[in-house]
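These are the residues of each chain, in order.
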2 protein chains.
Amino acid sequence: MPERTGSNKQPTIREVALRAGVSPMTVSRTLSGGESVRPDVQEKVLRAVRELGYHRNENARSLRPGHRSGLIGVAITNLGNPYYGNFALGVEEVAAQHGRRIIIGSTGEDPLRERQLVSDFIGRQVEGLVLVPSGESVDHLSADRLGGVPLVLASRSLEGLDVDSVLLDDVGGAADGTRVLLDAGHTRIAFLGNARSVFTGERRFEGYVRALAERGLSPRDELVERGQQDVASAEVATRRLLDLEHPPTAIFSANNRNTIGALREMGRRLRAGESVDAMPALAGFDAFELAELMPVPVTIIDHDPQELGRQAARLLLARLDVDRAAGHGKTIEMPVRIVAAN
Amino acid sequence: MPERTGSNKQPTIREVALRAGVSPMTVSRTLSGGESVRPDVQEKVLRAVRELGYHRNENARSLRPGHRSGLIGVAITNLGNPYYGNFALGVEEVAAQHGRRIIIGSTGEDPLRERQLVSDFIGRQVEGLVLVPSGESVDHLSADRLGGVPLVLASRSLEGLDVDSVLLDDVGGAADGTRVLLDAGHTRIAFLGNARSVFTGERRFEGYVRALAERGLSPRDELVERGQQDVASAEVATRRLLDLEHPPTAIFSANNRNTIGALREMGRRLRAGESVDAMPALAGFDAFELAELMPVPVTIIDHDPQELGRQAARLLLARLDVDRAAGHGKTIEMPVRIVAAN
DNA sequence: CTGTTAGCGCATTCAT
DNA sequence: ATGAATGCGCTAACAG
C-alpha cells in the first residue's frame, strides 16, 4: 500500500532512492529493465516504488536528448461524430501497437482552433500529427512551422502541401452510387452535400456529375442542395426538394448526416400519411445502423473509418520508426463498397 | 517564413534568444505576456520566433515547480462507440474552456489496459483523470496510487472508492421504461442486457425487476438474456427469445447495442415474411438515430452523453481550480427522459 | 527593463 | 555493480 497520504505531489526518483537506500541511478536502471543491478537491490527498489506509488515522469524523460515523447497528436473535426470516433479508434489502435499514446482535439471545423491545436501539440512534443483539416489554409502546416514533425492528412487533402495523405475514393464512389440510381431508371436525381469548401463534398459532387454525364444528363440547379453540415439542415433541404412541383425520384447524398436528414424528412411524411411510393429512392456515402429497416430502397457507399485511421497511423509510424524522410508525400486512396441496404 | 529547413529538432528558447540578440529570459518573458519587456524588443523576439517556427516546450515548462501540465486523462471503454465519443466531446469541451487538453485512451473493457492507461497518464503528469471503469478492481485507483491526482468516475461506479462520480438514473429509467410496456398491457416482457459484472447492466436489471414487482410479476428465467456486449450477440439472444414456444410480447433492452441487435433480428424476420404483429414491442436505454422509422413501437430512455461528459469534467475542474480536497466524493445522478420514438 | 543563477526529474557518461 | 556529475528546456528569484 502506498503511503504519502495527503500530499498531492508525485514522488520523484530521489524519494524512491532514499527509501530504498540506494542512489537515484540505481532506481533509474532498475526501472529501465534492471541491467547491471543486483536482483536483491532491484527487489528493494521495486518495493519502494510500490510503497510510494511512484510513476516515472514522462515529461522529464522526454527532455533527455534522443528520447521521444511517445505521443501522437490527432486533430479531427468532431469527436462526437461516430465516423471520426472510429477513425480515432483506428489511429489509437495502431499507435498503441507501436507504444504510442494519442492526444486528441476536436476542431469543430474551425481553422483557428485547428491552428491552436496543432501548435499546442507541437509544444507537447508530439512525435507526429494526424489531421483532418478544416480549412484550406496551409501555412501553419508547413514542415518548418511544424518543426519537422511528420504530418498525415486524412479524409481531406490540401493543396500546396507535400505530405502523406489517406483519402477515400470519393469521386469513384459517388459515381458508382449515382449509377445505381440511374440503372434503376431514375433521371431526376437530386444531390445533397456539404458546403463547396469541404474537400470531400466537392469530390463527391464531381462523381455525381460524372455519372450523370455518362448518360447524357447534367445536374439541374433546383435539384442540387449543398451546404448542409448537420442532420437538421439536411432535413430542411430534403423538404424543399420534395416540395418541388417536379420532385426528384431519387436522391444522392454525399454523407451520413445528409442521408439521415433525408430519411427523417421521409419518415415525417410517411407518418403524415403520404404514400411510400411517393418517396424518392436513396443512395449515399457512409454506412449507418439499421439501414436495412428503412422504408425506401437505400444504397450505401460503404467504407471503414477505423481502417482509414489505421492507414493514417501506419503512414505516420513508417516515417517515425522506419524512414523519417521517405521521399515525397504518398497519397493512399481507399476503396469503397457499394451495398444495397434493403 | 521559418527557416531551419531540413533539421527536425525543435528550436529552443536559446536559439530564439540568439537570433533576436537578447537573453533567453527576455524571450521567456515576451512569450508569457511581455511584462517588463520593451515593445521594440518584443517585436524582435516575436520575429525570431516566427522565423524559427519556435514552439515552447510544454514538457519542460511543466517540469518547473508550481506549473501544471494542462492535461486531463480520459479513459473510456471504446472511442468508436458514439455514446463514448460524445461523452469525450463533452469532457473536451469543458476542459478546453478551462485551458486544458485531453489525452484519450480506449480500454476496450480490459482492466489490464485500464491499469496501463492510468499509469501512463499519471506518468505524463495529467492534472486529473476521467474514467469509465471496466472492471471491479479498485486498488490501482486509490488516491495514493494516483499520487493524489483527482479522479472522476463516469457512467459506472466502483465500490470502496471515495471519488466524485457522475451516473445516470439507471434504476429509475429502467423501471419507467418497463412500466411503459406494462401499461400497454404486456406481461411477458423479456430483458436484454450486459454482463452481470457491468455496473449499469446490474442497475438497469434492478429497475426492470422493480417495475415488474409493482404489478405482482417477477422476471422469468427464460425471458432474461444477459451478457450481450455487442450487436451481433444481441441479435442471437433476440432470436432465441422469439423462437420460444411462448415468445415475449415486449422486450426491455438495457442499452443501445442490445436495442439495435433486437431490431436487426426483427428486421430479418420481417423481410422473411413474418407479420409485424408477431413482433414484440420494444423499450430500451439510449437514443439512436432513425428510431422514428422503426416498424415496431419503440420507447427510448433518452439521455445526453455529452452532458454526462460535461458534468464529469466540471466535477474534476472544481477540484483542480477551486478546492482540491472538497470533502468526500460527490455522486451526481443525471436524469433520463422517456420518449415514444414512433 | 534585462540578464545571471539555479533547479525542476531524469538518464547518459564517466568514475569507482 | 553502483554512484557522481552533467545537461535536456524552461522560468522563478534575484541581481544590476
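Residues numbered from 1 in each chain as written. Chains lettered and ligands numbered in written order. Predicted model: local features only at pLDDT ≥ 70, side-chain atom pairs only at ≥ 80, totals over all residues. Heavy atoms only, no water.

## Some details on the overall build of chain A
Here comes step 1: A tally of helices and strands in chain A yields 11 helices and 12 strands.
Here comes step 2: Projected onto its principal axes, the C-alpha coordinates of chain A cover approximately 85 × 45 × 30 Å.
Here comes step 3: Counting the 342 residues in chain A, one finds 57% classified as buried.
Here comes step 4: Restricting the contact set of chain A to residue pairs at least 6 apart, pairs at least 24 apart contribute 67%.
Here comes step 5: Surface summary for chain A: the accessible area is close to 14,500 Å², and the carbon and sulfur share equals 49%.
Here comes step 6: Charged side chains of chain A number 42 positive and 46 negative; the gap between the two group centres comes to 8 Å. (Helix = DSSP H or I, 4+ residues; strand = E, 2+ residues; numbered from the N terminus. Buried < 20%, exposed > 50% of the residue type's maximum accessible area, 1.4 Å probe, protein only. Contact = heavy atoms within 4.5 Å. Areas by Shrake-Rupley, 256 points an atom, 1.4 Å probe, with all protein chains shown as cover. Lys, Arg positive; Asp, Glu negative; His and termini not counted. Charge placed at Lys NZ, Arg CZ, Asp CG, Glu CD.)

## A few points about unusual backbone geometry
Here comes step 1: In the Ramachandran plot, S155 of chain A falls in the positive-phi region, its phi being about 75° despite a non-glycine side chain.
Here comes step 2: For S155 of chain A, the location among the structural elements is in the loop between β4 (151–154) and β5 (164–168).
Here comes step 3: Residue S155 of chain A is classed as buried on the basis of its relative accessible area of 5%.
Here comes step 4: Of note, Q125 of chain B is a non-glycine position whose phi angle comes to about 65°, a positive value.
Here comes step 5: Here Q125 of chain B shows up in the loop between α6 (111–123) and β3 (128–131).

## Focus on the relation of the copies chain B and chain A
Here comes step 1: Of the two same-sequence chains, chain B is brought onto chain A (RMSD 0.1 Å, axial shift 0.0 Å) by a rotation of 180°. Put plainly, the chains are arranged around a two-fold axis.
Here comes step 2: When the interface residues of chain B are mapped onto chain A, 100% of them again lie at the interface, so the same face is used by both copies. (Least-squares fit on C-alpha atoms with pLDDT ≥ 70 in both.)

## Let's talk about the protein's contact with DNA strand D
Here comes step 1: Around DNA strand D there are 25 residues in total, and T26 and R29 of chain A together with I13, Y54 and R61 of chain B lie nearest to it.
Here comes step 2: Among all atoms of DNA strand D positioned within 4 Å of the protein, those belonging to sugar or phosphate total 68%.
Here comes step 3: At a separation of 2.7 Å, a base nitrogen of DNA strand D approaches a polar side-chain atom of R64 of chain A.
Here comes step 4: Here a phosphate oxygen of DNA strand D sits 3.1 Å away from a polar atom, N or O, in the main chain of N57 of chain B.
Here comes step 5: For the surface near DNA strand D, the secondary-structure elements that each account for two or more residues are α2 (24–31) of chain A together with α1 (13–20), α2 (24–31) and α4 (58–61) of chain B.
Here comes step 6: If one sorts the elements of the surface near DNA strand D by residue count, α2 of chain A sits on top with 3 residues. (Near = heavy atom within 4 Å. Polar contact = N/O pair within 3.5 Å; in protein donor to acceptor, adjacent residues only side chain to side chain.)

## Digging into the side chain of E225 of chain B
All names here are of chain B.
Here comes step 1: Structurally, E225 can be placed in strand β7 (residues 224–226).
Here comes step 2: Residue class for E225 comes out buried when judged on its relative accessible area of 12%.
Here comes step 3: With residues up to four places along the chain from it excluded, the contact list for E225 reads F191, L192, G193, A237, R240 and L241.

## Digging into α6 of chain B
Here comes step 1: Under the 1.5 Å per step criterion, the end-to-end length of α6 of chain B is 18 Å for 13 residues, consistent within 8% with the ideal 18 Å.
Here comes step 2: Buried residues along α6 of chain B sit against α4 (58–61) and β2 (101–106) of chain A together with β1 (71–76), β2 (101–106) and β3 of chain B. (Expected span 1.5 Å × (residues − 1).)

## Some thoughts on the sheet that holds strand β10 (residues 298–302) of chain B
Residue and element names in this part refer to chain B.
Here comes step 1: The sheet built from 6 strands is open, its strands ordered β7-β6-β8-β9-β10-β12 with mixed pairing. Strands with a single pairing partner mark the edges of an open sheet, and in this sheet they are β7 and β12 (337–340). If you compare each strand with its neighbour and ignore which way they point, the axes differ by 15° on average.
Here comes step 2: When strand β9 (residues 281–285) meets β10, the two strands line up parallel, connected through 4 bridges. Following the sheet pairing, G284 is matched in β10 by I300.
Here comes step 3: Its contacts with the sheet place helix α7 (residues 170–183) against β6 (189–193), β8 (250–253), β9, β10 and β12, and it is angled at close to 170° to β9.
Here comes step 4: Its contacts with the sheet place helix α10 (residues 256–271) against β6, β8, β9 and β10, and it is angled at close to 160° to β9. (Pairing = 2+ DSSP bridges. Axes fitted to C-alpha atoms, helices over the stretch in contact; angles between N-to-C directions.)

## Observations regarding the side chain of H55 of chain B
Here comes step 1: Tracing the backbone through its elements, the reader meets H55 of chain B in the loop between α3 (39–52) and α4.
Here comes step 2: Looking at H55 of chain B, its side chain comes within polar contact range of the main-chain oxygen of R145 of chain A, at 3.0 Å.
Here comes step 3: Non-local contacts of H55 of chain B, meaning those with residues more than four positions away in its chain, are made with S119, I122, G123 and R145 of chain A together with Q10 of chain B.

## Observations concerning the nonpolar core
Here comes step 1: In terms of nonpolar packing, the biggest core is built from 75 residues, with L79, F87 and F252 of chain A together with L79 and F87 of chain B touching the most fellow members.
Here comes step 2: Those residues within four positions of L79 of chain B in sequence are excluded, and the remaining contacts are L79, G85, A88, L89, I102 and I104 of chain A together with G85, I104 and S106 of chain B.
Here comes step 3: Counting 46 residues, the second largest nonpolar core, distinct from the first, contains L192, M279, L282 and V298 of chain B. (Core = buried A, V, L, I, M, F, W, Y, C linked by side-chain atoms within 4.5 Å.)

## So, the interface of chain B and chain A
Here comes step 1: Counting residues at the interface gives 67 residues for chain B and 67 residues for chain A.
Here comes step 2: Across the chain B/chain A interface, buried area totals approximately 5,600 Å², and carbon plus sulfur atoms make up 54% of it.
Here comes step 3: Inspection of the chain B/chain A interface yields 8 salt bridges.
Here comes step 4: At the junction of chain B with chain A, the criterion picks out 24 residue pairs in polar contact (both at pLDDT 80 or more).
Here comes step 5: Those elements giving two or more residues to the side of chain B that touches chain A turn out to be α4, α5 (82–97), β2, α6 and α10 of chain B.
Here comes step 6: Looking at the side of chain B that touches chain A, its residues break down into 25 nonpolar, 24 polar and 18 charged.
Here comes step 7: Pairing analysis gives 3 bridges linking β2 of chain A to β2 of chain B, with the strands arranged antiparallel. What sits directly across from I102 of chain A, in β2 of chain B, is I104 of chain B. (Buried area = accessible area lost by both parts, 1.4 Å probe. Salt bridge = Lys/Arg side-chain N within 4 Å of Asp/Glu carboxyl O. Nonpolar A, V, L, I, M, F, W, Y, C, P; charged D, E, K, R; others polar.)

## Section: the domain arrangement of chain A
Residues and elements named next belong to chain A.
Here comes step 1: When cut into domains, chain A gives domain 1 (13–52), domain 2 (71–168 + 305–334) and domain 3 (170–302).
Here comes step 2: One C-alpha centre belongs to domain 2, the other to domain 3; they are set 30 Å apart.
Here comes step 3: Each side of the interface is counted separately: domain 2 has 8 residues, and domain 3 has 8 residues.
Here comes step 4: Summing the contributions of domain 2 and of domain 3, the shared interface buries around 680 Å²; its carbon and sulfur component is 53%.
Here comes step 5: Among the residues domain 2 hides against domain 3, the three largest losses belong to R156, S157 and L168. Together they make up 51% of the total.
Here comes step 6: Counting the contacts that link domain 2 with domain 3 gives 1 salt bridge.
Here comes step 7: At the boundary of domain 2 and domain 3, one finds 3 residue pairs in polar contact (both at pLDDT 80 or more).
Here comes step 8: A per-class count over the side of domain 2 that touches domain 3 returns 3 nonpolar, 2 polar and 3 charged. (Domains from an automatic or database assignment.)

## As for the UniProt feature "domain: HTH lacI-type" (unreviewed entry) in chain A
Here comes step 1: In the numbering used here, UniProt assigns the feature "domain: HTH lacI-type" (unreviewed entry) to residues 11–65 of chain A.
Here comes step 2: Counted over residues 11–65 of chain A, helix gives 62% and strand 0%. Its end C-alpha atoms are 23 Å apart. (UniProt positions renumbered as here; feature names shortened; annotations may be inferred.)

## Observations concerning the pattern of salt bridges
Here comes step 1: Within the structure shown, the criterion is met by 70 salt bridges over all chains.
Here comes step 2: With its nearest N and O atoms 3.1 Å apart, the salt bridge here joins E93 of chain B to R310 of chain B. Here R310 of chain B lies in helix α11 (residues 305–322) and E93 of chain B lies in helix α5, a separation of 217 residues in the sequence.
Here comes step 3: Since its relative accessible area comes to 14%, R310 of chain B is described here as buried.
Here comes step 4: One network of salt bridges, with partners in common, ties together R239, D243, E265, R268, R269 and E274 of chain A.

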